[in-house]
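As a plain string of letters, each chain reads:
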Amino acid sequence: MSSQVKQTCAMIRASLFSLPRRLSISLSMVLSIALVVAVLVGFLAMAKGFETALASAGSPLVAVVLGGGTNQETGSDVPASAIRNIEAIGDDIGVMRDNTGNMVLSRELVVPVEVRQLPGDTSKTLALRGMDVQGAEIRDGIVLSSGRMFRPGTREIVVGNGLARRFPGLDIGNVIRLGSVQWTVTGHFSAHGSAFESEIWGDLDTVRAAFDRQGEVQSLRLRLKDPASLPSLNNRLKTITITPLVAVSEASLYAAQSGHVSHLIRVFGWPLTLLMAIGATVGALNTMMSSVSNRTIEIATVRALGFSRLSAFLATWFEAILLAAIGAAVGVLTSWLIFDGWQASTVGANNTDIGFALTVTPGIMITAGLLSLAIGLVGGAFPALVATRLPLTAALRTRT
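Residues numbered from 1 in each chain as written. Predicted model: local features only at pLDDT ≥ 70, side-chain atom pairs only at ≥ 80, totals over all residues. Heavy atoms only, no water.

Novice: Is there a simple way to think about the packing of helix α2 (residues 23-55) against helix α10 (residues 309-339) in this case?
Specialist: Between two packed helices, both the angle of their axes relative to each other and the distance between the axes serve to describe the pair. It is at 7 Å that the axes of α2 and α10 come closest, and there the two elements cross at 45°. Comparing the axis directions of α2 and α10 gives the class oblique. Both α2 and α10 take part in a crossing whose hand is right-handed. Of the residues in α10, those touching α2 at Ser26, Met29, Val30, Ile33, Ala34, Val37, Ala38, Val41 and Gly42 are Ala320, Leu323, Ala324, Ile326, Gly327, Ala328, Val330, Gly331, Val332, Ser335 and Phe339. When the residues that make up the contact of α2 with α10 are grouped by side-chain class, the tally is 15 nonpolar, 5 polar and no charged. (Axes fitted to C-alpha atoms, helices over the stretch in contact; angles between N-to-C directions. Helix = DSSP H or I, 4+ residues; strand = E, 2+ residues; numbered from the N terminus. Parallel < 35°, antiparallel > 145°, perpendicular 65-115°, else oblique. Left-handed = near helix turned anticlockwise from the far one by under 90°. Contact = heavy atoms within 4.5 Å. Nonpolar A, V, L, I, M, F, W, Y, C, P; charged D, E, K, R; others polar.)

Novice: Where do I start with the pattern of salt bridges in this structure?
Specialist: Oppositely charged side chains may form a pair once their charged atoms are brought near each other. In total, this model carries 14 salt bridges according to the counting rule given. When the shortest N-O distance is used, the salt bridge between arginine 151 and glutamate 156 registers 2.6 Å. Overall, the relative accessible area of 7% leaves glutamate 156 in the buried class. Salt-bridge contacts for arginine 213 lead to glutamate 216; the nearest nitrogen and oxygen are separated by 3.7 Å. (Salt bridge = Lys/Arg side-chain N within 4 Å of Asp/Glu carboxyl O. Buried < 20%, exposed > 50% of the residue type's maximum accessible area, 1.4 Å probe, protein only.)

Novice: Whenever I open this one, the packing of aromatic side chains confuses me. Can you help?
Specialist: Describing an aromatic ring pair means giving the distance of the ring centres and the angle of the ring planes. The full count for this structure, using the stated rule, is 2 aromatic pairs. Between phenylalanine 189 and tryptophan 201 the ring centres are 4.1 Å apart and the planes differ by 15°, which places this aromatic pair in the stacked class. Here tryptophan 201 lies in strand β8 (residues 199-203) and phenylalanine 189 lies in strand β7 (residues 181-190), a separation of 12 residues in the sequence. Measuring from centroid to centroid gives 6.1 Å for phenylalanine 196 and tryptophan 201, while their planes differ by 65°, and the two rings are edge-to-face. The burial state of phenylalanine 196 is the same as that of tryptophan 201; both residues are buried. Each member of the aromatic cluster is reached from another via a ring pair, and the members are Phe189, Phe196 and Trp201. (Phe/Tyr/Trp six-rings, centres within 6.5 Å; stacked < 30°, edge-to-face > 60°.)

Novice: How should the nonpolar core be read in this particular structure?
Specialist: Nonpolar side chains in soluble globular proteins tend to end up buried together. Within the largest apolar cluster, 41 residues are counted, with the highest numbers of intra-cluster contacts made by Ile33, Ile142, Phe196, Trp201 and Ile375. Secondary-structure elements contributing two or more residues to this core are α2, α8 (250-294), α10, β12 (353-357) and α11 (362-388). Leu126, Ile157, Ile176 and Val181 belong to the second largest nonpolar core, which has 22 residues in total. (Core = buried A, V, L, I, M, F, W, Y, C linked by side-chain atoms within 4.5 Å.)

Read these as layout, nothing more, since geometry by itself doesn't imply function.
Take a look at the structure:
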């Protein structure tokens, strides 16, 4: 056994020392694998970043009441009569109340508006959310980072930090046209990078008047005492109105939205990555066949000196795996430096633009690394087998 190990180590050392003779084709294998890794990391980081942005926006302590038989804010309609019936509930259904005994709630409406990042740019569709004065307080993790909140009854808006960074026209004090009305930006708010930072918030009644949505409410947010109160709230909603209403946790609402979009990203990303991986495997096969061809005399000679077929196989295979590992390291490091924190945007559930940061996690890097090692294992197996079948007579014929 020790003799076999020594033979294998000697063959590996000889293989590595001969790499400078095959530098260009070895580098092509490394770079092709690095490219496959970079593409895979990019798609997975995009999906993870979008999931993180939406998942961090939802809270299990916030119930979102929707109407019209939908589980999304778009298309939902909560009638004013149903809201009055909910507010009139006197017994404890697990909803928090203020010092006066009124429920802590916010009526809300999302209106798509067109905004340009810079003059002359193509406009993007953003979400203008009209809400009651308690709307910001109901949500978790909302902090006014600069300026002040909008005042009820005024054409004032506050903007998420994510939007403020991407749209210079949304600086505090600026006046911007949304729809047919001029609005003044009075503040910026932080939501720890969640999807809320991709929204513009204003007074509900003012938004409804500006966009001819009088009386319309798409969702009703309620602050719960405990997440376990949600089933009792749903049971009570069935008894107070004939309008079909459903209460879902804000966390599950945004989780469902993120799951759909991130699934689409992965559906498009994985097939492209696998096609590139097949190409990289063919490249690895070509590289290692070139290695075997270049070292024909060397391999056949050591075989004639008594080296085993297994040592020739393992040495050639090790070279392929090593080059794949180098390609994986280059691809993962480059992807992490380029993609991690990269700001991107896509269309969300309300058909509006949602900004998010690409997130490269250890799990993504491990997945990409394993794929690259698989390329090395598969691409190097056949050339390694060829090396074990190389007879001395073939080496002598090649030499002459």
